[in-house]
Amino acid sequence: MENKVFTYLEFALPIHNCVIIPELGGFIVNQVEPLHHIDANVCVPGYMITFNPDLKHDDGVIVSYYIRDGKMTYNAALQKIKDFVKGLKQELSTQKPVTCGRLGSLYMNKEGKLLFEANPSFVFPSLYGLTAVGLSNLSDINRRESASRKSFPVKYTLGSVAAAVVAMFLFTVPSANVSNNTGLQGGIPQQSGFIYSLAEQVKPLLEVDSVKVVDAKAESKESEAQPQSLRTYYIIVGGEDTQSRADRLLDKIKKNGLHSASILESGGRFRIYVASFSDKPEAEGFLDTFRKENPKYETAWLYSKRN
């Protein structure tokens, strides 16, 4: 049996995230966010490949690879795929699993339903070279930064500045203010009194509470470290490979009552979505409700895209 379909599928799936083999089903990629705990390692994000036998409408992806690789017409490429699917179903009817390249394997259960088992060792191209990283609690980082700052308190810095100011005044004050007609003994009290006066003026600078200054900076850094969503989750009800076909499909969907539907272009595909969310659990809850309330779109699925 010709295995070019699975070769094309393995190449196209990381690019398009959803690829349909006509008359067989659709293979869908969903990113699995890495789970982590405080003071533990953050694992590399993963991808979960699922199979939906209800997605049988040709999306043109596999056909386009046949056309470019085999230099054949659209009808000839489509016939190649139909012949492949026919032979594949005959082989699956024996309840023997069929390997889908490195992606996993397809098999048919006793009820005649097609099931897919993903290959856990398959690594997507975008994940090559990534390794787990350590994660520290934000409060621990702030404590270490505070301890580092306290090793050189602010009041010592201000004290150095104050000393420099005193020295500047000493070198710029006229000598007449130090040595007058009273002689050497009369000049010394004047000089001492002048230095004492300056010391009293800069004394408040030396009493700055360095701990409060450091705490204010730590609070400012904590306020800036607000978590932001890195992905957007879309509720997809259809897709096309060209803008014009997607526009026609969008008009049809809006006429059916889904006036909020819109087009999302990504990876050369034009997908029709009816809602988008920054929170994955919220998107999954909406998807379940949407399928129940709209049986016509029971094959709607969740697509995630990095912001």
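Residues numbered from 1 in each chain as written. Predicted model: local features only at pLDDT ≥ 70, side-chain atom pairs only at ≥ 80, totals over all residues. Heavy atoms only, no water.

What follows covers the overall build of the protein chain. Check the secondary structure of the protein chain and you find nine helices and twelve strands. A total of 307 residues make up the protein chain; the buried ones form 33% of that total. Pairs at least 24 residues apart make up 62% of the contacts formed inside the protein chain by residues separated by at least 6 positions. When the accessible surface of the protein chain is summed, it comes to about 19000 Å², and 55% of that surface belongs to carbon and sulfur atoms. (Helix = DSSP H or I, 4+ residues; strand = E, 2+ residues; numbered from the N terminus. Buried < 20%, exposed > 50% of the residue type's maximum accessible area, 1.4 Å probe, protein only. Contact = heavy atoms within 4.5 Å. Areas by Shrake-Rupley, 256 points an atom, 1.4 Å probe, with all protein chains shown as cover.)

A word on the sheet that holds strand 4 (residues 46-52). Taken in spatial order, the three strands make up an open sheet running 1-2-4, and their pairing is antiparallel. Two strands in the sheet have a free side with no partner beyond their single neighbour: strand 1 (18-21) and strand 4. Within this sheet the neighbouring strands show an average axis-to-axis angle of 20 degrees, counted without direction. Of the strands in this sheet, strand 1, strand 2 (25-32) and strand 4 are in contact with helix 1 (residues 4-16), which crosses strand 1 at around 155 degrees. (Pairing = 2+ DSSP bridges. Axes fitted to C-alpha atoms, helices over the stretch in contact; angles between N-to-C directions.)

This part is about the packing of helix 1 against helix 2 (residues 61-70). Taken N-terminus to C-terminus, the directions of helix 1 and helix 2 make an angle of 120 degrees; their axes are 10 Å apart at the nearest point. With respect to their mutual orientation, helix 1 and helix 2 come out oblique. In terms of crossing hand, the pair formed by helix 1 and helix 2 is right-handed. In contact with Lys4, Val5, Tyr8, Leu9, Phe11, Ala12, Ile15 and His16 of helix 1, helix 2 contributes Val61, Ile62, Tyr65, Tyr66 and Asp69. (Parallel < 35°, antiparallel > 145°, perpendicular 65-115°, else oblique. Left-handed = near helix turned anticlockwise from the far one by under 90°.)

The subject of this paragraph is the packing of aromatic side chains. Counted by the stated rule, this structure contains eleven aromatic pairs. Between the aromatic rings of phenylalanine 277 and phenylalanine 286, the centroid separation amounts to 5.2 Å while the plane-to-plane angle is 50 degrees, which identifies the pairing as tilted. Judged by centre distance (5.9 Å) and plane angle (75 degrees), the ring pair of tryptophan 301 and tyrosine 303 falls under edge-to-face. On the accessibility criterion, tyrosine 303 (2% relative accessible area) is buried. The structure contains a cluster of three or more aromatic residues connected by ring pairs, namely Tyr8, Phe11, Tyr65 and Tyr66. The ring centre of tyrosine 303 lies 4.5 Å from the NZ or CZ of arginine 271, which sits over that ring. (Phe/Tyr/Trp six-rings, centres within 6.5 Å; stacked < 30°, edge-to-face > 60°. Lys NZ or Arg CZ within 6 Å of the ring centre and 35° of its normal.)

This next bit is on a negative patch on the surface. On the surface, a cluster of negative charge is made up of Asp279, Glu282, Glu284 and Asp288. Here glutamate 282 shows up in helix 9 (residues 280-293). (Patch = residues over 30% accessible without salt bridge, like charges linked within 9 Å, V, L, I, M, F, W, Y side chains within 5 Å. Salt bridge = Lys/Arg side-chain N within 4 Å of Asp/Glu carboxyl O. Lys, Arg positive; Asp, Glu negative; His and termini not counted. Charge placed at Lys NZ, Arg CZ, Asp CG, Glu CD.)

Bringing the nonpolar core into the picture now. Formed by 33 residues in total, the largest nonpolar core has its most connected members in Phe6, Ile21 and Leu106. Among the elements of the structure, helix 1, strand 1, strand 2, strand 4, helix 2, helix 3 (74-92), strand 6 (104-108) and strand 7 (114-118) are those that each provide at least two residues to this core. With seven residues, helix 3 is the largest single contributor of residues to this core. Each residue touching phenylalanine 6, except ones within four places of it in the same chain, is listed here: Ile21, Phe84, Leu88, Val98, Thr99, Cys100, Gly101 and Leu106. Counting 19 residues, the second-largest nonpolar core is a separate cluster that includes Val237, Ile253, Ala261 and Ala300. (Core = buried A, V, L, I, M, F, W, Y, C linked by side-chain atoms within 4.5 Å.)

Here we take up helix 3. With 19 residues, helix 3 ought to run about 27 Å at 1.5 Å a step, and its terminal C-alpha atoms sit 27 Å apart, in line with that. Residues of helix 3 that are buried include every one of Ala77, Leu78, Ile81, Phe84, Val85, Leu88 and Leu92, and no others. Summarising the axial view, the buried residues of helix 3 lie within an arc of 120 degrees, below the 170-degree limit, and thus occupy one face. Turned more than 90 degrees from where helix 3 packs its buried face, Asn75, Lys86 and Gln90 sit exposed. (Expected span 1.5 Å × (residues − 1). Arc of directions from axis to C-beta.)

Below, the discussion takes up the confidence of the model for the protein chain. Mean pLDDT for the protein chain: 76, with 62% of residues reaching 70 or above. Ranking the elements of the protein chain by mean pLDDT puts helix 6 (residues 184-206) last, at 51, and strand 11 (residues 269-277) first, at 93. When the criterion is pLDDT under 50, residues 175-192 qualifies, and its contacts beyond four places in sequence or with other chains add up to six contacts. (pLDDT = per-residue confidence, 0-100.)

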